[in-house]
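Chains, contacts and geometry: an overview
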Amino acid sequence: MTSQMIAQLIAFILYLALMVFVGIRSAKKNNSASDFFLGGRKMGPWVTALSAEASDSSAWLLMGLPGLCYLGGFKETFWTAIGLIAGTYLAWLIIAKPLRKCSIAFNDSITIPEFLTNRFHDKSHILSIVSVLFIVFFFTIYTASGFVACAKLFRSVFGLNWNVGLIIGFVIILSYTIMGGYRAVCTTDFIQGTLIFTSFVFSAVIIIISLGGIGNAVDQVQNFTTKALNGEYGEAMLKSFTANKSFSPMSAISAFAWCLGYFGMPHIIVRFMGCRSNKEIKTARRVGIIWMIIAYIGTFIIGTLGTAYLMNHGILLGAKPEEVLIEGVKVLGSGTQEAVFSETMLKMYPAFIAGIFLCAILAASMSTADSQLLSASSAIGQDIFKGLIKKDASDKTVLLVSRISVFVIALIGLLLALNPDSSIFGLVSYAWAGFGGTFGPLIILALYWKKGTAKGAIAGLICGGVTVVAWHNLHGGLFDVYEILPAFIICLIVTVVVSLLDKNKDAEMLATYDSYKAMED
């Protein structure tokens with residue numbers, strides 16, 4: 001092992017040790033299920049904001065989107081980012097404060113399935129069961145993307161075997177999530193969000209300066225693109241650039257439709273419920289939006305300019321070595337474009353500093369995976385075990401069941417991530433559509449429409465989820481539209497129509513809804 005790798009390894013060890021330390025410290029403060037799942041609703045605005053955005057912006061922010069930019073997918077990345085920023089702002093504006101109030105009004109709900117069950121007064125608990133099934137299914141896929149990112153990072157930096165990298169990420173994420181719960185997840189997310197922000201700001205500035213300013217940088221990137229489209233970097237690279245060049249209006253609509261995901265993302269909107277007070281939501285919203293805008297600008301700069309920057313340092317990503325024979329250039333192989341951030345950090349900074357900034361990728365992976373594991377386990381422990389199986393279960397027993405659930409879900413996610421060709425962007429895209437298309441319309445209707453019923457919510461949830469899965473596996477024509485859009489529309493329409501036919505006559509639910517609307521901000 002070289003001195004450079006040792007310095008990077010030290011940086012990684014220090015970072016990972018800090019995450020575990022936070023988990024141990026937070027474990028001492030978990031005295032109830034509310035503490036473990038929602039931090040006792042005591043999180044401040046800065047922690048709430050950075051935790052929400054860091055858990056949202058998983059490894060696809062530092063690997064998936066930059067990799068798409070690297071292969072000429074700037075337009076898709078741009079419209080996706082615009083959609084995500086718009087979705088984030090709208091979620092903070094129209095969901096955050098009402099959801100916090102409504103979740104308190106309806107039996108102090110601490111999980112999304114519990115909130116939906118209480119809000120629509122579903123005595124059959126079918127809504128809770130279906131919600132948990134979709135949450136576990138899509139979160140398992142989402143969690144797998146975090147493990148894939150860890151494996152790609154360790155392979156890129158240390159040359160580790162794929163499976164070894166997966167196991168390292170699995171063990172660390174699992175340890176502090178099981179120990180510390182929501183408080184540990186939010187605290188580590190705050191640290192991770194700060195690290196991601198810092199790495200983007202410094203690296204974006206340095207890469208522009210190193211390429212001779214914005215004008216020279218753009219010229220070099222255009223030169224790289226021209227060569228790629230001329231086939232000078234092989235058929236694999238040519239195919240990728242050609243596909244990304246043909247960006248239709250339908251593609252733009254699909255990319256922008258990512259905004260719909262924010263209204264139904266359990267691990268993000270639960271942050272709204274855990275905020276310390278309604279008055280601090282505005283501060284959290286401002287912090288979160290500023291963080292997002294700067295982070296996405298960094299994504300564009302590093303992903304796009306990384307083509308020229310790395311080529312100047314003798315590295316070509318995303319091409320097949322047998323197809324490219326350029327003297328002095330190391331071709332890392334197809335699929336490696338998602339390592340553009342890590343390869344850039346390795347060339348840009350001294351070993352230890354590079355190691356610290358590379359931890360931003362771990363941060364992105366961990367901040368999302370831990371939040372997803374906690375949301376999925378809370379659904380099983382609180383909504384299924386205590387809600388249906390053993391209603392008199394103590395908080396201690398519920399926490400034990402939830403921690404076991406974290407382990408099982410993480411293990412399944414690990415198995416899904418065993419394929420080295422897994423695409424981070426592809427995994428995240430599928431899971432994002434799953435949550436946005438199933439839960440998004442229900443959350444909006446729960447907060448703003450008094451007439452919604454349990455039967456309507458159940459029908460909408462099922463139709464939305466089935467649409468996501470079916471649409472995802474169909475291709476051609478209209479089916480090329482991102483599945484979140486048709487699923488969101490179908491879920492919304494079905495919920496409204498069935499609710500109107502069912503007619504809401506539940507006096508208790510209507511009275512509670514009125515009391516929620518009367519609550520002070």
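Here goes a summary of the coordinates provided.

Reading guide: rules and limits
- Residues numbered from 1 in each chain as written.
- Predicted model: local features only at pLDDT ≥ 70, side-chain atom pairs only at ≥ 80, totals over all residues.
- Heavy atoms only, no water.
- Phe/Tyr/Trp six-rings, centres within 6.5 Å; stacked < 30°, edge-to-face > 60°.
- Helix = DSSP H or I, 4+ residues; strand = E, 2+ residues; numbered from the N terminus.
- Buried < 20%, exposed > 50% of the residue type's maximum accessible area, 1.4 Å probe, protein only.
- Lys NZ or Arg CZ within 6 Å of the ring centre and 35° of its normal.
- Patch = residues over 30% accessible without salt bridge, like charges linked within 9 Å, V, L, I, M, F, W, Y side chains within 5 Å.
- Areas by Shrake-Rupley, 256 points an atom, 1.4 Å probe, with all protein chains shown as cover.
- Salt bridge = Lys/Arg side-chain N within 4 Å of Asp/Glu carboxyl O.
- Expected span 1.5 Å × (residues − 1).
- Bend = angle between axes of the 7 residues up to and from the residue.
- Core = buried A, V, L, I, M, F, W, Y, C linked by side-chain atoms within 4.5 Å.
- Contact = heavy atoms within 4.5 Å.
- Axes fitted to C-alpha atoms, helices over the stretch in contact; angles between N-to-C directions.
- Parallel < 35°, antiparallel > 145°, perpendicular 65-115°, else oblique.
- Nonpolar A, V, L, I, M, F, W, Y, C, P; charged D, E, K, R; others polar.

Thoughts on the packing of aromatic side chains
Inspection of every chain in the model, using the stated rule, returns 27 aromatic pairs. The interplanar angle of 65° and the centroid separation of 6.1 Å between the aromatic rings of Phe170 and Phe407 together place this pair among those described as edge-to-face. One end of the pair, Phe170, is in helix 8 (residues 162-210); the other, Phe407, is in helix 16 (residues 395-416), with 237 residues separating them in the sequence. Relative accessible area serves as the criterion here: at 9%, Phe170 is assigned to the buried category. Chaining the aromatic ring pairs together yields one cluster made of Phe134, Phe137, Phe138, Tyr430, Phe435 and Phe439. Between Arg119 and the ring centre of Phe120, over which it is positioned, the NZ or CZ distance is 5.1 Å.

Some details on a nonpolar patch on the surface
Together, Leu400, Ile404, Phe407, Val408, Leu411, Ile412, Leu415, Leu416 and Leu418 make up an exposed nonpolar region whose accessible area comes to about 790 Å². By the secondary structure assignment, Ile404 is in helix 16. By relative accessible area, Ile404 is classed as partly exposed at 48%.

A short note on helix 5 (residues 74-105)
Across its 32 residues, helix 5 extends 44 Å between first and last C-alpha, which sits within 8% of the 46 Å expected from 1.5 Å per residue. Considering bend angle alone, the principal kink of helix 5 is centred on Ile95 and spans about 40°; proline Pro98 follows within four residues of it. Looking at the residues trailing helix 5, positive phi occurs at Asn107, about 60°.

Section: the nonpolar core
Ranked by size, the top nonpolar core spans 129 residues in total, and within it Tyr70, Leu116, Met237, Tyr296, Leu316 and Trp432 carry the most contacts. What Leu116 contacts, discounting residues up to four positions off in sequence, is Leu127, Ser131, Phe439, Leu442 and Ile443. Counting 13 residues, the second largest nonpolar core, distinct from the first, contains Ala144, Ala151, Leu174 and Ala410.

Things to note about the environment of Ala49
Mapping Ala49 onto the fold places it in helix 3 (residues 45-56). With sequence-adjacent residues up to four places away left out, Ala49 is seen in contact with Trp92, Ala284, Val287 and Gly288.

Section: the environment of Gly234
Topologically, Gly234 is positioned in the loop between helix 9 (214-229) and helix 10 (235-245). As a C-alpha pair, Gly234 and Lys320 span 86 residues in sequence and 7.0 Å in three-dimensional space.

Some words on the packing of helix 9 against helix 13 (residues 281-312)
It is the contact of helix 9 with helix 13, at a shortest axis distance of 8 Å, that shows an interaxial angle of 80°. In terms of their interaxial angle, helix 9 and helix 13 are classed as roughly perpendicular. Facing helix 9, whose interface residues are Ala217, Gln220, Val221 and Phe224, helix 13 presents Thr304, Leu305, Thr307, Ala308, Met311 and Asn312. Its residues placed into classes, the contact of helix 9 with helix 13 shows six nonpolar, four polar and no charged.

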